[in-house]
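One-letter residues, chain by chain:
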Amino acid sequence: MEIFYGVTLLDTPTMRLLNSSTVVAISGIFRLHIAFLLAGIAMRIPEYCAFSLIVYATYTLDRALDCKEDAINRSEITGADKKTGILACLAAFLMGAVILLHDGILLAPFFPFIVGYAYTHGFRVGSYTVKLKAGTGVKNAIIGLTWGGTIALIVGHWCGSIVTVGVIFLFFGLKVFVTSCVNDFKDVKGDMAAGIRTLPVCLGEDLTKKVLILILLVMHGIMLYALLSNIIRDEWLVLLTGLVIAVVFLFIYSPSFETSPQLMYRKMREFAISWESLIALAIRGCVAI
């Protein structure tokens, strides 16, 4: 590892910015694969990679554009070269879009990118600027709709059942809503300073956890009904594994873990959120052997 003037090349603010969305982008591969399994669609690696690239582009754009709350929530990227981050976003987006457009998937590449930009900067209606980050839970709902919708658009290209696509949209929309709320636990100070009314800001930690667990239970109840009704494929082990990981995590997690001297606690949120799908698929693979 090269070092220039006492600064590790891979540990500069710019590199931290470029790497800040890598894990969530990789996890998108496994989420889309689960969506394909639920719809009974054969594995399509190019589409998985395209989705991952678009996830990376959208989240990195959000971090690259100056936001008031990021000065507190993501102080580690302060001083990063924003132009480099934006160029990386454009490159990732174009690669992902070309793959999906080649298969005739027209809307999915642009949907999260446009919403991601509007989510960060808002949009003007007459003389007013509408910020999507404002309003209790609106930010989380936008994130859930964005990724649930993008996954549904990709799956819908091969799945002829509108009901199946609708269930998959609901499942991943609510799942991403929950995970975005969990991420907000550590960002309360920055969100309060920016006037963003997330659920942890408005409801507090304990009540937010109870609400999220209730959402998870209702969501998986719907998935159970869909499975028994043959609306989705029988992937009960994947669904059950995801539910257990999420609920157990919510019971034991505390925002204080983020600054714990023990690596296990500091990485618990990332492990439970970003690698839940991979763990579920790994368990499924082991049982199938």
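Residues numbered from 1 in each chain as written. Predicted model: local features only at pLDDT ≥ 70, side-chain atom pairs only at ≥ 80, totals over all residues. Heavy atoms only, no water.

J.: I'm lost on the overall build of the protein chain in this one. Help?
T.: Per the secondary structure count, the protein chain includes 15 helices and 4 strands. Per-residue burial over the protein chain gives 48% buried out of 289 residues. Sequence-distant contacts, at least 24 apart, represent 72% of the contacts inside the protein chain between residues at least 6 apart. (Helix = DSSP H or I, 4+ residues; strand = E, 2+ residues; numbered from the N terminus. Buried < 20%, exposed > 50% of the residue type's maximum accessible area, 1.4 Å probe, protein only. Contact = heavy atoms within 4.5 Å.)

J.: Would you mind showing me how to read the nonpolar core here?
T.: Core analysis: the largest hydrophobic core is formed by 72 residues, its most contacted members being Leu 32, Leu 38, Val 155 and Leu 212. Apart from the residues within four sequence positions on either side, Leu 212 is in contact with Phe 177, Val 178, Cys 181, Val 182, Phe 185 and Leu 250. (Core = buried A, V, L, I, M, F, W, Y, C linked by side-chain atoms within 4.5 Å.)

J.: Which parts of the structure should I look at to understand the pattern of salt bridges?
T.: All told, the structure shown has 7 salt bridges when counted by the stated rule. Residue Lys 139 pairs with Asp 184 through a salt bridge whose shortest N-O separation is 2.6 Å. Highlighted residues: Lys 139 in helix α7 (residues 138–156) and Asp 184 in helix α8 (residues 162–184), separated in sequence by 45 residues. Like Asp 184, Lys 139 is buried. Of the charged contacts, one joins Glu 205 and Lys 209 as a salt bridge, the two residues approaching to 3.3 Å between their closest N and O atoms. Placement of the pair is Glu 205 and Lys 209 together in helix α11 (residues 205–228), with a separation of 4 residues, close to one helical turn. (Salt bridge = Lys/Arg side-chain N within 4 Å of Asp/Glu carboxyl O.)

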